[in-house]
Amino acid sequence: MRWTDNFISTLREDPQDAEAISHKLMVRASLIRKLTSGAYTYLPLGLKALKKVEDVIRTEMNRSGAIELLMPAMHPVELWKKTGRYEIMDHVLVKYKDRHGREIVLGPTHEEIITDIVSREINSYKDLPKILYQIQTKFRDEIRPRFGVIRSSEFIMKDAYSFDADTEGLEKSYKKMYDAYCRILERCELPYVAVEADPGVMGGNISHEFMVPSAIGEDEIVICKCGYAASVQVAGCKEPGTEDRSTASSSAAPGTGDRRPTDKIKEVETPDMSSVEDVSKFLRVKPSQLIKTLIYLADGKPIALLVRGDHAANEIKLKNFLKADALEMADDKVIQDVTGGPMGFSGPIGLKIRILADFSLMGIMNAVVGANKKDRHLINVNADRDFKPEAWIDARVITLKDPCPRCAGKIELKHAIEIGHTFKLGTKYSHVLGANFLDKSGKSHPMIMGCYGIGVNRILAASIEVSHDKDGIIWPKPISPYEVVILPLNVENKELLKTSEELYGQMREADLDVILDDRGQRAGVKFKDADLIGFPVQVIIGEKNLQKRKVEIKTRKDGKSQLVDIMDVIKKI
RNA sequence: CGGGAAGUAGCGCAGUCUGGUUUAGCGCGCUUGGUUCGGGACCAAGAGGCCGCGGGUUCGAAUCCCGCCUUCCCGACCA
């Protein structure tokens with residue numbers, strides 16, 4: 001490709017509306033332009049990179065035995081109603097009515113559709129297992145699109161679905177996809193970690209997220225030297241044994257230096273103080289000496305969860321423990337109803353609803369709890385003596401102070417960008433949509449499913465996020481829009497231009513993906529643009545070197561260059 | 001949806017507080033001519049604006065007031 005035949009316009013300055021580095025660079029390097037919030041045009045250079053990522057994905061999916069197909073983006077609403085996700089995913093579904101009044105959903109993902117197809121086409125165990133995939137545009141009505149292409153309302157996903165006759169088959173399919181994902185990310189040269197994660201609305205019980213650590217990542221992950229890696233939402237907390245417990249109970253009761261249970265619960269005034277921070281400051285106790293009482297609605301029924309003041313409740317763990325389909329924070333009205341007091345002053349004492357407590361609170365003494373009255377808290381509250389939860393459970397978010405759930409070593413917390421997610425779905429979709437097969441004995445069973453998603457444009461953004469410098473993007477070769485850029489530094493020089501054209505022709509013959517910067521720009525402009533866009537290799541053709549029949553080959557990554565004979569250029573790249 | 005910030009030429013910004021010397025500027029980019037030519041050149045001449053939209057106040061509004069729209073950030077949410 002010749003630069004002047006292309007459609008490239010780089011920007012010298014950062015766009016005003018971009019925050020993330022990858023977003024700024026993608027705009028400046030002429031890869032994308034925003035149409036509206038959450039929707040981006042891929043300019044030719046960006047599309048080229050996107051296609052490269054797709055190529056890598058296709059190759060590895062095909063290698064793993066998956067088969068490509070393409071499903072519609074518009075879905076009849078009935079399928080979504082059948083699986084119940086019309087309600088569950090209501091807030092992200094993009095919907096419209098067609099001229100006949102039929103309601104249409106623009107697909108945010110395709111479990112419903114693929115299961116429907118497979119239910120019609122596959123009937124026998126002989127046709128299993130199957131892994132089907134597509135690369136396609138998805139639509140999600142995101143609450144807040146963010147960071148350019150990292151979280152956009154319209155995005156490109158590779159989604160794959162496996163169908164097996166039994167769980168052993170699912171394990172094999174899952175492993176194949178897991179391995180394929182590792183290969184894909186390795187080929188894209190992304191530093192990633194595969195972590196245990198929560199399946200969320202996808203269903204199933206086990207899932208893995210493929211995460212690329214980055215400061216702008218919207219998810220947090222836990223990593224340990226022992227190899228343990230998990231989403232912060234699922235990382236298990238150990239039962240308090242040693243150090244954690246001692247911090248919890250060592251702090252003194254308000255106004256005393258006493259560790260022993262103080263005999264009387266006292267009601268104290270805490271005017272307008274409902275937050276842990278306010279209350280602990282006011283009463284001069286550590287946040288860890290407070291008990292937060294959180295009221296939830298689990299499938300519509302109120303339930304109280306107690307966690308330590310310095311801990312964050314983990315709704316996923318709670319939801320899993322309760323085996324609830326829906327879990328939400330109760331609103332003011334419900335709280336007033338079940339506790340008798342306003343939000344912010346709830347406490348376990350006198351509560352008539354189910355009470356669960358995080359096990360970091362086991363044996364806590366002289367704690368502070370809400371009094372279920374406005375502007376009142378109770379002090380000197382002791383576990384077991386004054387309140388007794390139905391169960392002590394793991395229901396909080398892991399913190400840096402917690403030991404590794406696997407080896408008890410020191411953990412690290414990191415922000416990360418979710419690039420891919422794999423799920424074991426089981427029969428959740430095949431059951432309701434009737435994707436059944438007949439086994440050898442003629443008995444009908446629902447197929448066992450898995451699903452596997454990868455964000456194609458997120459790979460691009462994440463790659464830039466982890467690989468750039470002050471001058472611009474540093475592409476890994478496999479996903480760079482072009483592998484090589486030829487920079488004739490003075491196109492007015494006929495001889496120089498001719499040589500460049502010849503070299504360009506030879507490289508194309510040699511199947512190199514090359515772009516020729518044939519613009520009549522000054523050298524400096526060409527260097528800046530080449531660095532900004534980040535082509536891995538620059539072939540620089542200048543007048544002085546050319547007289548010696550030499551050109552310069554420079555690699556973007558390390559900035560190192562070598563002078564080589566013109567005849568040897570292709571060999572050296 | 002709550003909190004914050006912003007919208008002036010293709011891009012990045014100043015001007016708005018304190019209404020009138022503003023015929024609305026600057027830098028980059030763009031056009032033409034010339035000189036340059038290995039790290040975003042220089043000189044000269046140009047083109048390019050519903051000052052986000054609507055209403056109001058005023059002799060007079062980019063500037064003050066009211067309403068709306070859009071965008072970004074933080075939060076809640078999220079395969």
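See the structure above.
In this report, we go over the structure that sits alongside the text.

### Let's talk about the overall build of chain A
Here comes step 1: Of regular secondary structure, chain A possesses 16 helices and 31 strands.
Here comes step 2: Principal-axis analysis of the C-alpha atoms gives chain A an extent of 95 × 65 × 50 Å.
Here comes step 3: Taken as a whole, chain A presents about 26,300 Å² of accessible surface, with 51% of it coming from carbon and sulfur.
Here comes step 4: Taken as two groups, the 85 positive and 84 negative side-chain charges of chain A have centres that lie 2 Å from each other.

### Topic: the environment of Arg144
Here comes step 1: If you trace the backbone, Arg144 turns up in the loop between strand S7 (130–139) and strand S8 (154–164).
Here comes step 2: Each C-alpha atom of the pair Arg144 and Ser37 lies 8.8 Å from the other, and the pair is 107 residues apart in sequence.

### A few points about the packing of helix H2 (residues 44–63) against helix H12 (residues 456–466)
Here comes step 1: Contact geometry for H2 and H12: axes closest at 9 Å, N-to-C directions at 110°. One finds that H2 runs roughly perpendicular with respect to H12. The handedness of the crossing between H2 and H12 comes out as right-handed. Counting all contacts with H2, which are made through Gly46, Ala49, Leu50, Val53, Glu54 and Ile57, the residues of H12 involved are Val456, Asn457, Ile459 and Leu460.
Here comes step 2: Its residues assigned to classes, the contact of H2 with H12 shows seven nonpolar, two polar and one charged.

### Some details on the nonpolar core
Here comes step 1: Leu31, Ile57, Met61 and Ile459 are the most contacted members of the largest nonpolar core, which has 63 residues in total.
Here comes step 2: Excluding anything up to four places from it in sequence, Met61 contacts Ala66, Tyr133, Lys158, Ala160, Met177, Tyr181 and Ile184.
Here comes step 3: In this structure, Ile295, Val334, Leu351 and Leu378 belong to the second largest nonpolar core, which totals 21 residues.

### What to know about the protein's contact with RNA strand B
Here comes step 1: Near RNA strand B there are 42 residues, and of these Arg140, Phe155, Phe423, Asp531 and Lys554 occur at the shortest range.
Here comes step 2: The protein-proximal atoms of RNA strand B, defined as those within 4 Å of the protein, are 48% sugar or phosphate.
Here comes step 3: Within the contact set of RNA strand B, a phosphate oxygen lies 2.5 Å away from a side-chain nitrogen or oxygen of Arg144.
Here comes step 4: In the environment of RNA strand B, a sugar or linking oxygen lies 3.1 Å from a nitrogen or oxygen atom belonging to the side chain of His421.
Here comes step 5: Looking at the surface near RNA strand B, the elements with two or more residues in it are strand S1 (32–36), S8, strand S21 (411–426), helix H14 (523–533) and strand S30 (550–555).
Here comes step 6: Of all the elements, H14 adds the most residues to the surface near RNA strand B, at seven residues.
Here comes step 7: Grouping the amino acids of the surface near RNA strand B by side-chain chemistry returns 15 nonpolar, eight polar and 19 charged.

### Here we look at the pattern of salt bridges
Here comes step 1: Enumeration according to the criterion identifies 42 salt bridges in this entry.
Here comes step 2: One salt bridge in this structure joins Arg151 and Glu218, with 3.0 Å as the shortest N-O distance. Linking Arg151 in the loop between S7 and S8 with Glu218 in the loop between strand S10 (206–213) and strand S11 (219–224), this pair joins segments that are 67 residues apart in sequence.
Here comes step 3: A network of salt bridges, in which partner residues are shared, links Lys51, Glu54, Arg58 and Glu68.

### With respect to the sheet that holds strand S4 (residues 74–76)
Here comes step 1: Strand order in the open sheet made by the three strands is S4-S6-S5, with antiparallel pairing throughout. The sheet is open, and its two borders are formed by S4 and strand S5 (94–97), each paired with just one other strand. Within the sheet, the average angular offset between the axes of one strand and its neighbour, ignoring direction, is 35°.
Here comes step 2: Looking at chain direction, S5 and strand S6 (residues 103–106) are connected through four bridges and run antiparallel. Counted as the bridge partner of Lys95 is Val105 from S6.

### Some points on the side chain of Ser500
Here comes step 1: Looking at where Ser500 falls in the secondary structure, it is placed in helix H13 (residues 494–509).
Here comes step 2: Judged by relative accessible area, which is 0%, Ser500 ranks as buried.
Here comes step 3: Here the side chain of Ser500 touches Leu496 through a polar contact of 2.8 Å, landing on its backbone oxygen.
Here comes step 4: In contact with Ser500, other than residues within four places in its own chain, are Ile486, Pro488, Leu516 and Ile541.

Reading the values: the criteria
- Residues numbered from 1 in each chain as written.
- Chains lettered and ligands numbered in written order.
- Predicted model: local features only at pLDDT ≥ 70, side-chain atom pairs only at ≥ 80, totals over all residues.
- Heavy atoms only, no water.
- Helix = DSSP H or I, 4+ residues; strand = E, 2+ residues; numbered from the N terminus.
- Areas by Shrake-Rupley, 256 points an atom, 1.4 Å probe, with all protein chains shown as cover.
- Lys, Arg positive; Asp, Glu negative; His and termini not counted.
- Charge placed at Lys NZ, Arg CZ, Asp CG, Glu CD.
- Axes fitted to C-alpha atoms, helices over the stretch in contact; angles between N-to-C directions.
- Parallel < 35°, antiparallel > 145°, perpendicular 65-115°, else oblique.
- Left-handed = near helix turned anticlockwise from the far one by under 90°.
- Contact = heavy atoms within 4.5 Å.
- Nonpolar A, V, L, I, M, F, W, Y, C, P; charged D, E, K, R; others polar.
- Core = buried A, V, L, I, M, F, W, Y, C linked by side-chain atoms within 4.5 Å.
- Buried < 20%, exposed > 50% of the residue type's maximum accessible area, 1.4 Å probe, protein only.
- Near = heavy atom within 4 Å.
- Polar contact = N/O pair within 3.5 Å; in protein donor to acceptor, adjacent residues only side chain to side chain.
- Salt bridge = Lys/Arg side-chain N within 4 Å of Asp/Glu carboxyl O.
- Pairing = 2+ DSSP bridges.

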